[in-house]
Amino acid sequence: MARQTVAYDADGLIYEFTPTLEPVYTAESGESLTVETIDSIGGAVQEDSDVVDEVPDEVNGATGPIAVEGAEPGDVLKVEIEDVRVTEDRGRVLTIPGFGLLQESDEIEEPKTRVTPVEGDMIRFDDIDVPIQPCIGTIGVAPTEESYTTLVPHDHGGNLDTTDMTGGTTAYFPVFQEGALLAMGDSKAAMADGEMCGTGAEISTDIDITVTVLSNPGFELSRPVVETADLWKTIASAETLESACQLANEDAIALLANEHGFDETDAHLFSSLVGGLEISQVVDPLVTVRNAIPKEYLSSPF
């Protein structure tokens, strides 16, 4: 089957994940797609002189949603991220008033933009080369009952700003609505864990994915999980880092208990030996963390 391209346009770009999303494309389970995305500021920033005075009402436009045939609540949507390719000649990294880790610092200029030209497999910041390591900032499915803008991460995914959402990894999302209704965008050419200033090098991309419905998965997934070559990582978002860490660890405990037949306490003890908390981002309305478990201690939970 030829790979279908899902393009962003006026009818295929969302700024809110809602329970009642209407798909712009319906894929078969196991189908491979290319998803075109626009940068998080929607092309409004092209030069250093283009600054953003406040977070726009519409930000992090996500291409989609894509329905997947056969996906029902209780299933898991498997999204193999095969490649993320930058598709323009520049990224942009910004400070925006009222946004970012140091938003109240008198030492930080707000607003400010630094355009990062693409030069081969690098972006350039001032006279310093930074390797292009593209990732997807916003990726998720339709939520259960409440709606969330594409600036907000939650159990459905959304603005996770997680560097592991990149080529060669696989993301798993709980299905809350018929068809799952997947959307993605807000890619970065490069971004550090934490996304401290509030952005990475925001850039448009083409993303190659394969979507598969895992019916009756044998494990109840509450929040996203990402699989890398060597690790399983539970992902959780909450109002505080401590709360997000607790959720991510509870999810890791559930995986380990299911794998090894541990009770909850033994799984908690074991997680303190083999898990590893990582910060995804600390700048969005909710913060996001992940708990990484090596595959030698956790085979596929699905």
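Structural data are supplied above this passage.
Residues numbered from 1 in each chain as written. Predicted model: local features only at pLDDT ≥ 70, side-chain atom pairs only at ≥ 80, totals over all residues. Heavy atoms only, no water.

K.L.:
Summarise the overall build of the chain; cite the residues concerned and give the values.
P.N.:
Along the chain, the regular secondary structure elements total two helices and 22 strands. Each principal axis of the C-alpha distribution contributes one length, and for the chain these read about 60 × 45 × 35 Å. Within the chain, the proportion of its 302 residues that are buried is 53%. The contacts of the chain with a sequence gap of at least 6 include a subset with a gap of at least 24, amounting to 77%. Per element, the accessible surface of the chain, about 12900 Å² overall, is 45% carbon and sulfur. (Helix = DSSP H or I, 4+ residues; strand = E, 2+ residues; numbered from the N terminus. Buried < 20%, exposed > 50% of the residue type's maximum accessible area, 1.4 Å probe, protein only. Contact = heavy atoms within 4.5 Å. Areas by Shrake-Rupley, 256 points an atom, 1.4 Å probe, with all protein chains shown as cover.)

K.L.:
Residues and numbers for the environment of Gly140, please.
P.N.:
The topology assignment puts Gly140 in strand S12 (residues 135-140). Note on Gly140: relative accessible area 0%, which makes it buried. Linking Gly140 and Tyr172, residues 32 residues apart in sequence, is a C-alpha distance of 9.5 Å. In this structure, Gly140 is in contact with Phe17, His156, Gly157, Gly158, Phe173, Leu181, Leu182 and Ala183, ignoring residues within four places of it in sequence.

K.L.:
Could you give me a rundown of the sheet that holds strand S10 (residues 122-125), with the residues and numbers involved?
P.N.:
Reading across the sheet, the four strands line up as S8-S9-S10-S11 and stay open at both edges, with antiparallel pairing between neighbours. With partners counted over all chains shown, the strands left at the sheet margins are strand S8 (90-95) and strand S11 (128-131), one partner each. Strand-to-strand twist in this sheet, taken as the mean axis angle between neighbours without regard to direction, amounts to 30°. Where strand S9 (residues 112-119) meets S10, two bridges bridge the pair, whose relative direction is antiparallel. Residue pairing across strands places Glu119 opposite Met122, the latter belonging to S10. (Pairing = 2+ DSSP bridges. Axes fitted to C-alpha atoms, helices over the stretch in contact; angles between N-to-C directions.)

K.L.:
Residues and numbers for the environment of Leu221, please.
P.N.:
Assignment of secondary structure puts Leu221 in the loop between strand S18 (205-214) and strand S19 (225-227). Through-space distance from the C-alpha of Leu221 to that of Gly185 is 23 Å; in sequence the pair is 36 residues apart. When neighbours within four sequence positions are excluded, Leu221 is seen to be in contact with Val76, Tyr172, Phe173, Pro174 and Phe302.

K.L.:
Residues and numbers for helix H2 (residues 264-274), please.
P.N.:
All buried positions along H2 are accounted for by Ala267, Phe270, Ser271 and Val274. Along the long axis of H2, the arc covered by the buried residues comes to 110°, so they all point the same way. H2 presents Thr265, Leu269, Ser272 and Leu273 as exposed residues on the side facing more than 90 degrees away from its buried surface. For H2, the elements touching its buried residues are helix H1 (241-260) and strand S22 (287-294). Its side-chain oxygen at 3.2 Å from the backbone nitrogen of Thr265, Asp263 defines the N-terminal cap of H2. (Arc of directions from axis to C-beta. Polar contact = N/O pair within 3.5 Å; in protein donor to acceptor, adjacent residues only side chain to side chain.)

K.L.:
Provide a residue-level description of a negative patch on the surface, including the pertinent values.
P.N.:
A surface patch of negative charge is lined by Asp53, Glu54, Asp57 and Glu58. If you trace the backbone, Asp53 turns up in the loop between strand S5 (31-37) and strand S6 (62-68). By relative accessible area, which is 56% here, Asp53 ends up exposed. (Patch = residues over 30% accessible without salt bridge, like charges linked within 9 Å, V, L, I, M, F, W, Y side chains within 5 Å. Salt bridge = Lys/Arg side-chain N within 4 Å of Asp/Glu carboxyl O. Lys, Arg positive; Asp, Glu negative; His and termini not counted. Charge placed at Lys NZ, Arg CZ, Asp CG, Glu CD.)

K.L.:
Report on the pairing of strand S16 (residues 169-174), specifying residues and quantitative values.
P.N.:
Buried residues dominate S16, accounting for six of its six residues. Here S16 shows a buried face lined by Thr169, Ala171 and Phe173 and a second buried face lined by Thr170, Tyr172 and Pro174. The sheet contact formed by strand S7 (residues 76-86) and S16 spans six bridges and is antiparallel. In the strand pairing of S16, Lys78 is matched with Tyr172. Bridge count between S16 and S19: three bridges; the pairing is antiparallel. Looking at the pairing, Tyr172 lines up with Val225 of S19.

K.L.:
Mind laying out the environment of Ala71, listing which residues take part and the relevant values?
P.N.:
Structurally, Ala71 is set in the loop between S6 and S7. A residue is classified by how much of its surface remains accessible, and Ala71, at 1% relative accessible area, is buried. Between the alpha carbons of Ala71 and Pro19 there is a distance of 14 Å; along the sequence they are 52 residues apart. What Ala71 contacts, discounting residues up to four positions off in sequence, is Val175, Gln177, Glu178, Gly179, Ala180 and Val213.

K.L.:
How would you sum up the packing of aromatic side chains? Please name residues and give values.
P.N.:
Tallying each qualifying case throughout the model produces five aromatic pairs. Residues Tyr172 and Trp232 carry aromatic rings whose centres are separated by 5.5 Å and whose planes lie at 40° to one another, so their mutual orientation is tilted. Linking Tyr172 in strand S16 with Trp232 in strand S20 (residues 231-238), this pair joins segments that are 60 residues apart in sequence. Tyr172 gets classed as buried once you look at its relative accessible area, which sits at 4%. Assessed through its relative accessible area of 2%, Trp232 is described here as buried. The interplanar angle of 65° and the centroid separation of 5.5 Å between the aromatic rings of Phe262 and Phe270 together place this pair among those described as edge-to-face. Taking the relative accessible area as the measure of exposure, Phe270 reaches 18% and is therefore buried. By the ring-pair criterion, three or more aromatic residues cluster together here, those being Tyr172, Trp232 and Phe302. Of note, Arg114 hangs over the ring of Phe125, and the distance from its end group to the ring centre comes to 4.6 Å. (Phe/Tyr/Trp six-rings, centres within 6.5 Å; stacked < 30°, edge-to-face > 60°. Lys NZ or Arg CZ within 6 Å of the ring centre and 35° of its normal.)

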